[in-house]
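Residue-level structure breakdown
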Amino acid sequence: MGIKDQINAINNTLKGTSARLIAVSKTEPNEMILEAYHAGQRDFGENKVQDLVSKYEQLPKDIRWHMIGHLQRNKVKYIAPFVHLIHGIDSLKLLKEVNKEGAKNDRIINCLLQVHIAEEETKFGLSESELQEIILPDTLDQLPFVRIKGLMGMATNTDNETQVEKEFENLNKLFKSVQQNHDHSALDISELSMGMSGDYHLALKHGSTMIRIGSTIFGARNYQ
Ligand SMILES: *Cc1c(COP(=O)(O)O)cnc(C)c1O
């Protein structure tokens, strides 16, 4: 199947859910992104600041760009003027930097807090207690240029579907509790970003609102 067919097929499985597709275009050339764009896709995710900036400059301006990877503090300034949503906020320090750059650009920047749900040590993310600390009113009062739109997580890379489902279910529970128990102008908790090519069907069962799909759409990636 081509890019367009893949996008249509995924959008079909999303009918009747409240989730939408973020096409992960990391490592993909502009021609392939444009093919997805012409199929109607507008949300794209990249995991490297340099690529995000150059693709933003070269591609249509109505694309909504998502920063999905680990973000270094010293690079926030490059994406602050245009990024639609930062999925990978994994420290208060990073969030403060986003706030600072939001102020400079006079725009409120949408963010997701990345929670560590996988078994692997290697994946980035906040522990539940670190998350709770960030969403304290006293902390949020100091962050007028960020809006926390929800949570993001990556499940363990395993064939054990029971385990993956358990991790998604736990993240969904946390998402709901944050949504219900916190009321602050910096919080607008409505998005739960979880699910990739290998596990998005499971993520959808557990309330994902954003699935981040790369290889199913574009084929296996060639890392340089
Ligand atoms: C690469 C990547 C994806 C997409 O992975 P696929 O398996 O190609 O669908 C999703 N989320 C993040 C954070 C990624 O880095």
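The following paragraphs examine the structure supplied in this document. Computed from a predicted model, the values in this text were never measured in an experiment.

Reading guide: rules and limits
- Residues numbered from 1 in each chain as written.
- Predicted model: local features only at pLDDT ≥ 70, side-chain atom pairs only at ≥ 80, totals over all residues.
- Heavy atoms only, no water.
- Core = buried A, V, L, I, M, F, W, Y, C linked by side-chain atoms within 4.5 Å.
- Buried < 20%, exposed > 50% of the residue type's maximum accessible area, 1.4 Å probe, protein only.
- Helix = DSSP H or I, 4+ residues; strand = E, 2+ residues; numbered from the N terminus.
- Contact = heavy atoms within 4.5 Å.
- Near = heavy atom within 4 Å.
- Polar contact = N/O pair within 3.5 Å; in protein donor to acceptor, adjacent residues only side chain to side chain.
- Areas by Shrake-Rupley, 256 points an atom, 1.4 Å probe, with all protein chains shown as cover.
- Nonpolar A, V, L, I, M, F, W, Y, C, P; charged D, E, K, R; others polar.
- Salt bridge = Lys/Arg side-chain N within 4 Å of Asp/Glu carboxyl O.
- Right-handed = clockwise from strand over helix to strand, strands pointing away.
- Phe/Tyr/Trp six-rings, centres within 6.5 Å; stacked < 30°, edge-to-face > 60°.
- Pairing = 2+ DSSP bridges.

1. Notes on the nonpolar core
Counting 64 residues, the largest nonpolar core has Ile-79, Ile-86, Val-98, Leu-113, Leu-151 and Ile-217 as the members making the most contacts within it. Ranked by the residues each element gives to this core, the list is headed by helix H8 (residues 161-181), at 6 residues. Not counting chain neighbours up to four residues away, the residues in contact with Ile-79 comprise Val-49, Leu-52, Val-53, Met-67, Leu-71, Ile-86 and Arg-107. If you look at the next biggest cluster of nonpolar residues, it comprises 5 residues, including Ile-22, Leu-85, Met-152 and Met-210.

2. Let's talk about the site of the ligand
The local shell around the ligand consists of Val-24, Lys-26, Ile-68, Met-152, Met-154, Met-196, Ser-197, Arg-212, Ile-213, Gly-214, Ser-215 and Arg-221. Arg-221 places a polar side-chain atom, nitrogen or oxygen, 2.8 Å from an oxygen atom of the ligand. Contact with the protein chains covers 90% of the free accessible surface of the ligand, which is 390 Å². A class-by-class count of the residues in the shell around the ligand yields 6 nonpolar, 3 polar and 3 charged.

3. Digging into the pattern of salt bridges
Under the definition given, this model contains 9 salt bridges. Taking the shortest distance from any N to any O, the salt bridge between Lys-104 and Glu-101 comes out at 3.2 Å. With Lys-104 and Glu-101 both in helix H5 (residues 92-104), this residue pair falls 3 residues apart, about one helical turn. Owing to a relative accessible area of 4%, Glu-101 belongs among the buried residues under this scheme.

4. Describing unusual backbone geometry
Even without glycine at this site, Thr-27 takes up a positive phi of about 70°. On the secondary structure map, Thr-27 appears in the loop between strand S1 (20-24) and helix H2 (30-38). The exposure class of Thr-27 is partly exposed, given its relative accessible area of 24%. Even without glycine at this site, Asp-106 takes up a positive phi of about 50°. Mapped onto the fold, Asp-106 is located in the loop between H5 and strand S5 (109-115).

5. Looking at the pairing of strand S7 (residues 187-193)
Within a regular strand, the side chains alternate between the two sheet faces. With respect to burial, S7 is a largely interior element, 5 of its 7 residues being buried. You can see the chain leave strand S6 (residues 146-153), run along H8 and come back into S7, and the turn it takes is right-handed.

6. Concerning the packing of aromatic side chains
Inspection of every chain in the model, using the stated rule, returns 2 aromatic pairs. Here Phe-44 and Trp-65 contribute two aromatic rings whose centre-to-centre distance is 5.9 Å and whose plane-to-plane angle is 40°, an arrangement assigned as tilted. With Phe-44 in strand S2 (residues 43-46) and Trp-65 in strand S3 (residues 64-67), this pair connects stretches of sequence that are 21 residues apart. Given a relative accessible area of 1%, Trp-65 falls into the buried group.

7. Some points on the pairing of strand S8 (residues 210-213)
Here S8 shows no split at all, with Met-210 and Arg-212 on one side and Ile-211 and Ile-213 on the other all buried. Bridge count for S1 against S8 is 4 bridges, and the pairing is parallel. Residue pairing for S8: Ile-22 is matched across the bridge by Arg-212.

8. Description of the environment of Val-115
Mapped onto the elements, Val-115 comes out in strand S5. Since its relative accessible area comes to 6%, Val-115 is described here as buried. A C-alpha to C-alpha distance of 7.7 Å links Val-115 and Leu-171, two positions 56 residues apart in sequence. Once you skip the residues sitting within four places of it in the chain, Val-115 turns out to touch Gly-125, Leu-126, Leu-131, Leu-151, Met-152, Gly-153, Leu-171 and Leu-174.

9. With respect to the environment of Lys-96
Looking at the secondary structure, you find Lys-96 in helix H5. Residues Lys-96 and Leu-126 lie 30 residues apart in sequence; the distance between their C-alpha atoms is 15 Å.

10. Some thoughts on the side chain of Ser-25
Tracing the backbone through its elements, the reader meets Ser-25 in the loop between S1 and H2. You can call Ser-25 buried: its relative accessible area is 0%. Side chain to side chain, Ser-25 and Glu-46 meet in a polar contact 2.7 Å long. Those residues within four positions of Ser-25 in sequence are excluded, and the remaining contacts are Ile-33, Phe-44, Gly-45, Glu-46, Lys-55, Trp-65 and Phe-218.

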